[in-house]
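Read off the chains here:
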Amino acid sequence: MTTRFFRKLALLSTTGLMTATMAHAQSVDAPAAQPTEETEATIVVTGSQIQGAQINDVLPVTVLDEQQIENTGASSGDELFRSIPQAGTVAFNEQNATTQNNVRGDVGSVNLRDLGTGNTLLLMNGRRMNLHPGFQTELLVPVVSPDTNEIAPGSVRRIEVLRDGASAIYGADAVAGVINTVLKGNMKGGFLETDWRASDGTSLYSYSINGGLGFDFGGGRGNLTVYGGHFHENGLGAQKRDYSRDDDRTRLLVGTDFEGEASFNNRNTFGPFGQFDIQAPSTRTPIRDDDFYLQPSTFSGCDMDFGNGICANAGTTPTTAVRYNTIFGNTLISGKNRYNAMALLNYEVTDSLEAYFEGSYYRSENKRLNDASAILSAVPVGISRNAYWNPFGPTTVSGVANPNRLPGTTIPSTGADVIMERYRFVDAGNRGVFVDKDAYRLVGGLRGNLGAWEFDTGFVYSESKVADLETNRVSLTAMQQSINRTTSDAYNPFNGGCITDPGQGDCTPNPASVIDTFRINVSRVGGTSLALADFKISRDDLIVLPAGNLGVATGVEWRRETFYDDRDSRLDGTITFTDSVTGVFNGSDVAGTSPSPDTDGTRTVYSAFAEIFVPVVSSDMNIPLVEDFNVQMAGRIERFEDIDATAVVPRVAASWTTIPGVTFRGAWSQGFRAPNLVQVNDDGTTRSNTRDDFVVCQAQVRKGLLSSLDACPGAGVISFRSGARSLKPEDSESINLGIVLEPTFMPGLTLTADYWRVKQTALVGTFGDGNAIALDLLRRLGGSTNPNVIRAAPTADDIALFTGTGLTPAGKIVQVLDPYLNLDSRVSKGWDFGMNYKVPDFGIGQFRLRLNAARLKSFVQSAGVDGEELLAGIAAGKLPADVTVGGLGELLEIEGRPKWRVSGSVNWESGPVKIGLFGKYTGKVWDTSVVRDILLVSDNPNANYYRVKDQFLTNLSVSYTIDNDTALSGTRLRFAVNNLFDKDPPLADESYGFYSELYTARGRVFHVELRKKF
């Protein structure tokens, strides 16, 4: 570390000339004598480190108290955070976790403003949470997030959402804002509660048991609060919902504009009816093609009879009718168990010094079924000519006629090898996925007074571990050995599936004794840790100014983050696959999964911040139209040792009360997000994707072999992604302008409106293998190439294809290099609206009305240098109109990001009776994976996509609390209905028929809760 850096660190930590954040909320670091029951008059500050400063209504903060948390009906942290309109899409969810390269298990992520997973800082009692060990790709790059399910709703006293960039106070990851979860502490007495839930019309149910106890000790100087709970959910099969039971959803579009559109039939070309390539001239069989796929004999196009009701049809892509329903036998909602325990301890050592401790443990157990294993299109499997079930094998075996060789061919008597290019091992069964997670967190510290200064210093250590075990996987090596046996105990991939409906199961399974020879379990173990030490000191009355007291805070922080991702030996390169027929090597021995190396990384971060609060004008100064004017400034410096980078960011905020009840507020800040440890430490991951080779297909178009590039059939392409320590932190600039109205003629009413804008630059991303191939075509049209698209030398057939097209002959794509780079930029804009009204008591009970609305105005992603070259080529007409570039331009309402998200509640209580009504609205979005077969001419660039409908959900609850002198006093019975009108999630072209990032498949849920306080 340089001397210059230490000078910066020392200067910043001892000055007060930088930014601050402020909010209308409650202090995270409570003083020693925290009251047992918090009152509505209590003011807390989220995002400011100045203890006791009177900073109200300066920055936009959403606060959910216990009543609002209960209104949401949430049984998990994921459901709770989804109820916040600004929370955005949830990328980590169980319906999205279909492959071992995704985050799986009982996990939820957080994504304020939809700025991307990893741009939101999640705190617990004011200090950052550890990251979940898993990661998955989002916009082609690996992203990470804390797990919101580690937060049990029943343990939360309050959630504070700072809806503005706060990197200057909290550091990295706070680009979109900060969510602080305040836990229930300082309890006196205890509680025990049980909750039972059931989804209407299904067998899905859950129950939970929670309890807590708190008591003072040491003559009232200390308090210990402990609580814990258990949650169980039995799970639900995909076949139980009409929208999730079949990949073919065309039946659900009858009577709509998209009736008959093929995009909604996602039955897969990989099924038990395989697709094969005979290693012999096409003239040797009645198929008249070396490529064929199997199908029931009742279908048209039979070219050769295989017996048992099965025939072969020429071609490389199985017809729609023979494709497989991959959801068959899958789980929609996983079976799960959650366990959590927590202890909160505080003790006044002296009148000016308090010690505190937090300890928590969380465990989740999750199980589900996913679709059966299939081979990758980029990793076909060779079937030897001597394989027992090869229908084109030798005419005789050991001097006896081969019973499995089909008649009517001119295949040589020695037989021909066959390449299995598409096949799903349905008879091996659906993959079982079992994910267990253990996490614990320890916090210890001291807070108190050093003369007139308040300080807080603490140490955090948190660790998480996830074990992902997947059963019914297929070893490529053992499977090929089984297929190529010369005896009848060989695996037979030529026996098809179900004749009556090829998409549902396998009616002709191989014996279990055969399948067991190559059926394997595949594991993935990951872990993360966070160690953090900090020291903060503040004073709210450093200098007495004419308008009030000047406050100041400063602090330093050290943290160390680690992660590791230990892949199965059949994925990390220890056990590989070399095709015994073709000699082709593959780094993974697991059918259907690309090779993934073990990865690990460590990051050490040093940081310091400073903050001042300056009251400029107060009401006592009698200045016209300036009742109050306050300014805050803050700044932070943060040093990342692993990438040798330093970020320095400022922040300025101000509030201006013109007349009592009318306050304007605004803030400007810069922020940063360091590339995560996965992005930095990925030494090289390969992924197999189906991509269009635009270069080859353009030659076919010019030769008249294809009608357009839109008809390009696609092929397996290996993409190589790698990280680099040369990656730099992403930069951001945030602006927030708002107004707060508290009309004196309507006491108890607060109205807010805030405009926000975030500009992000140097975003870490990949160009994308599809974009790289399109750029290769563009450059080849100009006489050069894209060096990141690595091709084999053109064969004689390739040269013949390209002759006369004007294009230089190109060979097959070997690999596309797609490294992580600081590429694009993004500008997002929107509005937030809030209403909170405590209705005056007119003698009919107490009413409370709340509304929180988020309006996303625009979300524009701009391309980097290569992307601009590609877009310019399309705009200039150098590339055919069929070539498109995804993920750029205006992305509002694209694949999520609805314009409107709104939640609101009405609560009424009178004596022992309480009634709550909660509503949640999610706006429409465009599903870009569905394009009209017949295109509309429209000025709207999204007009030809499928419009996913909006949704409004309603929760209703009624409770009665006994309050008398009997043993039942303090007992509450609560009955509630989530999704009162049983609304299904809007239909979308997704794995389970809906956007799991936005919606839930639980339907109408009845729940009964019994709670006893003592």
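Residues numbered from 1 in each chain as written. Predicted model: local features only at pLDDT ≥ 70, side-chain atom pairs only at ≥ 80, totals over all residues. Heavy atoms only, no water.

K.L.:
Summarise the environment of P272; cite the residues concerned and give the values.
P.N.:
Secondary-structure assignment places P272 in the loop between strand 11 (236-237) and strand 12 (275-278). On the basis of relative accessible area, P272 is assigned to the buried category, the value being 1%. Each C-alpha atom of the pair P272 and R323 lies 8.9 Å from the other, and the pair is 51 residues apart in sequence. Excluding its chain neighbours within four sequence positions, the residues that come into contact with P272 are Y324, Y423, R424, V426, P493, G496, G497, P502, G505 and D506. (Helix = DSSP H or I, 4+ residues; strand = E, 2+ residues; numbered from the N terminus. Buried < 20%, exposed > 50% of the residue type's maximum accessible area, 1.4 Å probe, protein only. Contact = heavy atoms within 4.5 Å.)

K.L.:
Tell me about empty space enclosed by the protein, and please be specific about residues and values.
P.N.:
A complete count under the given rule lists 10 cavities of 30 Å³ or more for this structure. Looking at the largest cavity, its volume works out to about 700 Å³. Together, 46 residues line the largest cavity, and E79, R82, Y999, T1000 and R1002 are the ones closest to its centre. Taken together, the elements giving at least two residues each to the lining of the largest cavity come down to helix 3 (77-82), strand 8 (189-199), strand 9 (205-217), strand 10 (222-233), strand 17 (335-350), strand 45 (913-922) and strand 48 (951-961). A volume near 400 Å³ is recorded for the second largest cavity. Around the second largest cavity sit 31 residues that line it, and L131, V144, D173, E561 and N676 are the ones nearest its centre. Contributing elements (two or more residues each) for the lining of the second largest cavity: strand 2 (120-124), strand 25 (519-545), strand 26 (548-567) and helix 7 (677-681). (1 Å grid on protein atoms, 1.4 Å probe; cavity = no way out; pocket = protein on both sides within 12 Å on 5 of 7 lines; lining within 4 Å. Points joined across faces, edges and corners; volume = space filled by probe spheres on them.)

K.L.:
With reference to specific residues and values, describe the packing of aromatic side chains.
P.N.:
Under the definition given, this model contains 22 aromatic pairs. Between F292 and F306, the ring centres sit 5.8 Å apart and the planes meet at 40 degrees, which makes this aromatic pair tilted. On the criterion of sequence distance, the pair formed by F292 in strand 13 (residues 291-296) and F306 in strand 14 (residues 304-307) is long-range, its members being 14 residues apart. When its relative accessible area of 0% is taken as the criterion, F292 is described as buried. Here F306 falls in the buried class, since its relative accessible area comes to 13%. A ring pair is formed by F306 and F392, whose centres lie 6.3 Å apart and whose planes are at 75 degrees; its orientation type is edge-to-face. In this pair, F306 sits in strand 14 while F392 sits in the loop between strand 19 (381-383) and strand 20 (396-397), placing the two residues 86 residues apart along the sequence. Residues F306 and F392 agree in their burial class; the two are buried. (Phe/Tyr/Trp six-rings, centres within 6.5 Å; stacked < 30°, edge-to-face > 60°.)

K.L.:
Tell me about the sheet that holds strand 14, residues and numbers included.
P.N.:
Pairing is antiparallel in the open sheet, where six strands are placed in the order 14-15-13-12-22-19. Single-partner strands in this sheet number two, and they are strand 14 and strand 19. Averaged over all pairs of adjacent strands, the angle between their axes in this sheet comes to 35 degrees, without regard to strand direction. Contacts from helix 5 (residues 476-483) reach strand 19 and strand 22 (418-422), with the element oriented near 15 degrees to strand 19. (Pairing = 2+ DSSP bridges. Axes fitted to C-alpha atoms, helices over the stretch in contact; angles between N-to-C directions.)

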